[in-house]
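Overview (structure and organization)
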Amino acid sequence: MQFNYMCSDCGRNYTIDPKLTVCPVCGEQQAPDQPLRGVLDVELSGNAEKDFDVFDLLPVPRHFFPPIPVGNTPLWQPENLRRSLGFENLYIKDDGLNPTGSLKDRASFLVSAFAAQHGINEIVLASSGNAGSSMAGVAAAAGQQVTLFLPATAPAAKLVQALQYGATVHRVNGPYDDAYDLSLEYTNRFGGMNRSTAYNPMTLEGKKTVSLEIFQQLGGVPDYLFVASGDGCILSGVYKGFQDLRQLGLIDKFPTVIAVQAAGSDALYRAFQTGQFEARPTRTVADSICVNVPRNGWQALKRLQTHNGRVITVSDEEIIAAQARLSRTTGLFSEPAGAAAFAGFLKLSAELAPAAGIVILATGNGLKDSTAAVRGIAVPAETIKSLSDITKGT
Ligand SMILES: *Cc1c(COP(=O)(O)O)cnc(C)c1O
């Protein structure tokens, strides 16, 4: 298999090189408070059979990947939920079962291998939480150093995770967007490989593996795929996987991808209507999809338009209710961002055929942010000393 970079804006081709982040030509058009210009895609050429090995479709040789079991996450068949909702072909792809508890491990895994291939030992990034804890964990397995810029508002578990894995953490007094700018300033000044999402082409490329796995697990592609979206990198990665499959002649149609955003952080949703990105203050319980400027916005928008995707929004109340419902009917505890994808499905379900093949991507583990989940449950106010304090329902 051969690999090269192609600019997602102008289509120019480049040789893969860790010093190249965005397209040098289109990067010139970068405006402040706008999504990245000149995001680079990895293009592959070659042949593969239906039972391909996922590693063979990645642009770094297998022996550079660290010894940590990323990916191969289960595709749940939630019987109770299928019955109660009347969708017999509903599946949940549980990426909360990755080593650090989120889909971000797929990106970190490839970035770590890419850095190892080029003899780079320090990896630098900004993160709202999961990308940072993920990079820290994967780099620990590789023996690499991580420098992380994390907004001070990140959920405690994600901060603790990153520190636990040994990352150097700088807590930023400002939103994720500020952390992002600081990470770029840091690598410009001190070097290292920047893993910030979309800015490092391997982040998007690594995330494509989720689509490759869904294809192999289902023996084909679903009709609908629900994906929570913030920066739009998972969304683009998901599309990239199907694009590779089509190029290899293994599929002829894409699923309808539905990007789900929080109503309080809906830049992609608005851009889908207007064609423009406008930064606005954001607020949502789903911290992992809370971004003012979707870094991979242009590419996500283009892919949604090309492949007849949709963007919908869900309120925080819908997210919290969906999170509790998912946990209670399936045993899968997802963090709010992952539950947002399920909330999006619930919102759209009346429009979908009951026999449709549907995959909901659960992107992160619920234990990463238990404070958010508390909004959807009732913690007993009283403590007890003996069973006579309990009223057992009749
Ligand atoms: C990062 C993340 C998302 C959103 O991914 P984007 O690439 O920012 O759109 C969704 N869910 C979880 C759990 C995440 O960590």
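Just so we're clear, the structure is a prediction, and the values are computed from it rather than from any experiment. (Residues numbered from 1 in each chain as written. Predicted model: local features only at pLDDT ≥ 70, side-chain atom pairs only at ≥ 80, totals over all residues. Heavy atoms only, no water.)

Grouped together as the largest cluster of nonpolar side chains are 37 residues, with contacts concentrated most on Tyr5 and Met202. Apart from residues lying up to four places away in sequence, Met202 is in contact with Tyr5, Ile16, Val42, Pro59, Ala107, Leu110, Val111 and Phe114. Core analysis: the next-biggest nonpolar cluster, separate from the first, contains 36 residues, Leu103, Leu248, Leu250 and Leu301 among them. (Core = buried A, V, L, I, M, F, W, Y, C linked by side-chain atoms within 4.5 Å. Buried < 20%, exposed > 50% of the residue type's maximum accessible area, 1.4 Å probe, protein only. Contact = heavy atoms within 4.5 Å.)

Once that is clear, we can look at unusual backbone geometry. The residue Asp33 is not glycine, and still its phi comes out positive at about 55°. If you trace the backbone, Asp33 turns up in the loop between strand 2 (13-14) and strand 3 (40-45). Judged by relative accessible area, Asp33 falls into the exposed class, the value being 56%. Backbone geometry places Ala198, a non-glycine residue, at a positive phi of 75°. Secondary-structure assignment places Ala198 in the loop between strand 9 (193-194) and helix 6 (201-207). (Helix = DSSP H or I, 4+ residues; strand = E, 2+ residues; numbered from the N terminus.)

Turning our attention to helix 11 (residues 316-330). Along an α-helix, residues three or four positions apart point the same way, because every turn accommodates 3.6 residues. The end-to-end C-alpha separation of helix 11 is 21 Å, in line with the 21 Å expected for 15 residues at 1.5 Å each. By the burial criterion, the buried members of helix 11 are Asp316, Ile319, Ile320, Ala322, Gln323, Ala324, Leu326 and Thr330. Two residues or fewer past helix 11, Gly331 is found with a positive phi of approximately 85°. (Expected span 1.5 Å × (residues − 1).)

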